[in-house]
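Fold and contact review
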Amino acid sequence: MTDSYLDEGFLLDKKVGVNQPKRMENCKILLANTSMDTDKIKVFGSRVRVDAVSKVAELELAEKQKMQEKVKNIVAHGCNVFINRQLIYNYPEQLFADHKVMAIEHADFEGIERLALVTGGEIVSTFGCPDKVKLGTCDVIEEIMIGEDKLLKFAGVPLGEACTIVLRGATQQILDEAERSLHDALCVLTQTVKEPRTVFGGGSAEMLMANVVRDLASTVAGKESMAVEAYAKALQMVRRRVAFGRATL
């Protein structure tokens with residue numbers, strides 16, 4: 001685990017499309033959740049009655065024209081990077097490459113939500129009103145190698161605090177255990193930031209209560225004071241039981 005490190009910027013476990021730039025500067029990012037597979041005509045999974053094979057070709061051509069229009073509307077937003085939560089099939093990927101737009105597909109829901117947060121963009125599903133869409137921005141998007149894996153690095157994002165922890169270990173079991181431990185630590189840190197007040201453990205709260213109850217016993221007359229003092233001793237036993245329990249683990 002000694003090779004693990006903190007990387008400044010956001011890392012996304014995805015790759016850029018075929019024949020598209022591997023590095024982009026001054027990025028204007030359009031985040032979307034839309035279907036980009038209409039070039040694969042659905043007639044093969046449904047029944048379409050035609051009187052000639054040429055009619056099927058016409059249907060396929062119509063589907064391609066639809067996709068051309070959709071890509072044209074996306075490019076009209078002024079973006080040079082398009083990131084979609086769903087798949088991007090070969091034909092629209094080729095169209096994006098012709099327009100010098102970096103297309104990234106299948107950024108799952110968690111990834112697209114995080115990208116929207118760190119880049120300051122909005123997730124859209126329709127493209128008819130470019131002036132109402134807020135694009136995300138970052139200084140550089142580039143493909144990097146970590147071990148044998150290729151990832152995309154978003155550097156210079158508007159949310160400057162965004163960073164990524166890269167864990168490297170000998171086995172998957174070690175990595176899983178380290179990830180769980182890191183997750184627990186981050187949860188504690190998050191809760192501490194939200195609620196800075198803390199309660200000390202190890203029986204400290206019970207000892208404070210025992211001192212108050214013992215002081216109260218000195219003000220109670222008769223045999224009742226013995227019962228109050230016994231309760232104070234019972235509170236003190238919590239500390240001992242906690243210490244004993246930890247010692248036997």
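Residues numbered from 1 in each chain as written. Predicted model: local features only at pLDDT ≥ 70, side-chain atom pairs only at ≥ 80, totals over all residues. Heavy atoms only, no water.

From N to C terminus, the protein includes six helices and nine strands. Here the protein has a C-alpha radius of gyration of 30 Å; the compact-globule value for 249 residues is 18 Å, and the former is much larger. A principal-axis box enclosing the C-alpha atoms of the protein has dimensions of 105 × 45 × 40 Å. Put simply, the protein has 249 residues, and 31% of those count as buried. Across the protein, contacts joining residues at least 24 apart in sequence account for 70% of those joining residues at least 6 apart. Carbon and sulfur atoms provide 55% of the accessible area of the protein, an area that totals close to 16400 Å². Charge separation in the protein, taken as the distance between the mean sites of 32 positive and 35 negative side-chain charges, equals 4 Å. (Helix = DSSP H or I, 4+ residues; strand = E, 2+ residues; numbered from the N terminus. Rg over C-alpha atoms; globule rule 2.2 N^0.38 Å. Buried < 20%, exposed > 50% of the residue type's maximum accessible area, 1.4 Å probe, protein only. Contact = heavy atoms within 4.5 Å. Areas by Shrake-Rupley, 256 points an atom, 1.4 Å probe, with all protein chains shown as cover. Lys, Arg positive; Asp, Glu negative; His and termini not counted. Charge placed at Lys NZ, Arg CZ, Asp CG, Glu CD.)

Glancing now at the side chain of threonine 119. Structurally, threonine 119 can be placed in helix α3 (residues 109–119). Polar contacts involving the side chain of threonine 119 include one to the main-chain carbonyl oxygen of leucine 115, which spans 2.5 Å. For threonine 119, the residues in contact, after removing those within four places along its chain, are Ile29, Leu31, Gly136, Thr137, Val157 and Pro158. (Polar contact = N/O pair within 3.5 Å; in protein donor to acceptor, adjacent residues only side chain to side chain.)

For the rest of this paragraph, the subject is the pairing of strand β8 (residues 149–155). Burial runs high along β8: five of the seven residues are buried. In this sheet, β8 lies alongside strand β7 (residues 136–146) in antiparallel orientation, the contact comprising seven bridges. Opposite glutamate 143, over in β8, you have leucine 152 as the bridge partner. Taking the residues between adjacent antiparallel strands as the criterion, β7 and β8 are bridged by two residues, where glycine 147 takes a positive phi near 70 degrees. (Pairing = 2+ DSSP bridges.)

Moving on to the side chain of glutamate 93. By the element assignment, glutamate 93 lies in helix α2 (residues 90–98). As a buried residue without a salt bridge, glutamate 93 has its nearest oppositely charged side chain in lysine 22, at a separation of 8.8 Å. Residues contacting glutamate 93, with those up to four places away along its chain left out, are Gly17, Val18, Gln20 and Ile88. (Salt bridge = Lys/Arg side-chain N within 4 Å of Asp/Glu carboxyl O.)

Further remarks concern the layout of surface pockets. Size it by volume and the largest pocket reaches roughly 1600 Å³. Lining the largest pocket we find 36 residues, and of these Leu11, Arg114, Cys163, Thr164 and Ile165 sit closest to its centre. Among the secondary structure elements, those contributing two or more residues to the lining of the largest pocket are β2 (10–12), α3, β8, β9 (163–166) and α4 (172–194). Here the element with the most residues in the lining of the largest pocket is α4; it accounts for 10 residues. Across the lining of the largest pocket, the residue classes tally to 19 nonpolar, six polar and 11 charged. (1 Å grid on protein atoms, 1.4 Å probe; cavity = no way out; pocket = protein on both sides within 12 Å on 5 of 7 lines; lining within 4 Å. Points joined across faces, edges and corners; volume = space filled by probe spheres on them. Nonpolar A, V, L, I, M, F, W, Y, C, P; charged D, E, K, R; others polar.)

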